[in-house]
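The residues making up each chain are set out below.
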Amino acid sequence: MVSIRIRGLTKRFGETVALQGLDLDIAAGELFFLLGPSGCGKTTLLRAIAGFHLPEEGAIHFDDDEVTQVPPHKRETAMMFQSYALWPHLNVFRNVAFGLEERKVPRNEIKSRVAEALEMVKMGDYAQRKINQLSGGQQQRVALARALVVRPRCLMLDEPLSNLDAKLRIEMRSEIRRICKEFGLTAIYVTHDQKEALSIADRMAILDGGKIAQIGPPEEVYRLPHTATVASFIGETNFLPGKITAISADGTCSIESALGAFSGKPGAPDWKPENGEKVLLSIRPECFSLSGEKPAQNAVAGRLAESVYLGEIAHYALQTDSEPKTVHIAELNPRRVVRDEGQTLFATADSRDIVVLPAT
């Protein structure tokens, strides 16, 4: 395993700046996720760490070794691609052995290491199968074994599960975490799937415009977003514009909005809002509860516009008389689904679940 330290990394493609002075530290043995909208720079960053993109500025260190200008094959990393990139004319054994053969590893060692890698991914009985005889999930496991067999210092994964069906994705993301932890791998994982990142990451970074918008453990990024961009990208949320009317000693803000009075705390620890400042409140749908009586604060009044029952969860949409025009509520394990469309109800949230964000 290896720790990774990045300082001031800048990468341009013509006039487009893909990465802007980016700093990042990844601990040895960490399963680290890169997320963000298309074009934010996450794949560019992954490929720069792997050595496929040389930056115009900045430095990349593996432990104490600077590898900024070191070619990919000398960085002792392994990349697992979205397409798997398996050789169709070779069987499973030969596909996994390919990297070792290129490195001129002795034949007996190749045999034992391929067998070990296939056992890691539970494909030991498939060594002689052709690639076209495997399911998508089995091919994904072979691609993972091929990356692991070279014993990389760092494992790179670029959207590795995007071609699998939903059930198989859930199974394989747990398998990837098991393997990374069992063998002490440092792994960097690019994905668009937020549930994938929330369920298995040690930490994650949200990129926006070539910069890191927020970094932290999954539960922290989800519950305490620093910006509206992060709040809207990770999961679903309701944004309520308002203005601060008071700030208590512990940092709790009182906010007046067109929908009523609210209180909450800033998501970013280093942001200190001021009294009278315009802000944006972020409230997750599952943080609201429906009732027929209006409390003193932290409540949105609206007419029930839609009810959707999905078994383990029910989704509601309240139509309001101000911004936002629609407030979304999610009720887990609903015992009774509210169906009285047109009825006036109140969506109430706890102050601990209301995050205060900069209005910009």
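Check the entry above for the structure.
Residues numbered from 1 in each chain as written. Predicted model: local features only at pLDDT ≥ 70, side-chain atom pairs only at ≥ 80, totals over all residues. Heavy atoms only, no water.

Caption draft 1: Summary view of the nonpolar core. Phe33, Val96 and Leu155 are the most contacted members of the largest nonpolar core, which has 50 residues in total. Residue contributions to this core peak at six residues, all from helix H4 (residues 136–148). Leu155 has contacts with Ala78, Leu144, Ala147, Leu148, Cys180, Leu185, Thr186, Ala187 and Ile188, leaving out every residue within four places of it along the chain. Counting residues in each nonpolar core, the second largest holds 27 residues, with Cys253, Ala268, Trp271 and Val356 among its members. (Core = buried A, V, L, I, M, F, W, Y, C linked by side-chain atoms within 4.5 Å. Buried < 20%, exposed > 50% of the residue type's maximum accessible area, 1.4 Å probe, protein only. Helix = DSSP H or I, 4+ residues; strand = E, 2+ residues; numbered from the N terminus. Contact = heavy atoms within 4.5 Å.)

Caption draft 2: Up close: helix H1 (residues 42–50). The element H1 is largely enclosed, with a buried count of seven among its nine residues. Taken together, the buried positions of H1 are Lys42, Thr44, Leu45, Leu46, Ala48, Ile49 and Ala50. Of the residues trailing H1, Gly51 is marked for its positive phi of about 100°.

Caption draft 3: Looking closely at the sheet that holds strand S11 (residues 238–247). The sheet built from five strands closes into a barrel, its strands ordered S11-S12-S13-S20-S14 with mixed pairing. On average, each strand axis in the sheet is inclined to that of its neighbour by 55°, with strand direction left out of account. (Pairing = 2+ DSSP bridges. Axes fitted to C-alpha atoms, helices over the stretch in contact; angles between N-to-C directions.)

Caption draft 4: Molecular detail of helix H5 (residues 166–182). With 17 residues, H5 should reach 24 Å at 1.5 Å per residue; the first-to-last C-alpha distance of 25 Å fits that figure. The complete set of buried residues in H5 reads Met172, Arg173, Glu175, Ile176, Ile179 and Cys180. Around the axis of H5, the buried residues are gathered within 165° of arc, so they sit on the same side. In H5, the exposed positions angled more than 90 degrees off the buried face are occupied by Lys167 and Glu182. Looking at the packing, one finds that the buried side of H5 touches strand S3 (31–35), helix H3 (107–120), H4, strand S7 (154–158), strand S8 (186–190) and helix H6 (194–200). One or two positions beyond H5, positive phi appears at Gly184, with a value near 65°. (Expected span 1.5 Å × (residues − 1). Arc of directions from axis to C-beta.)

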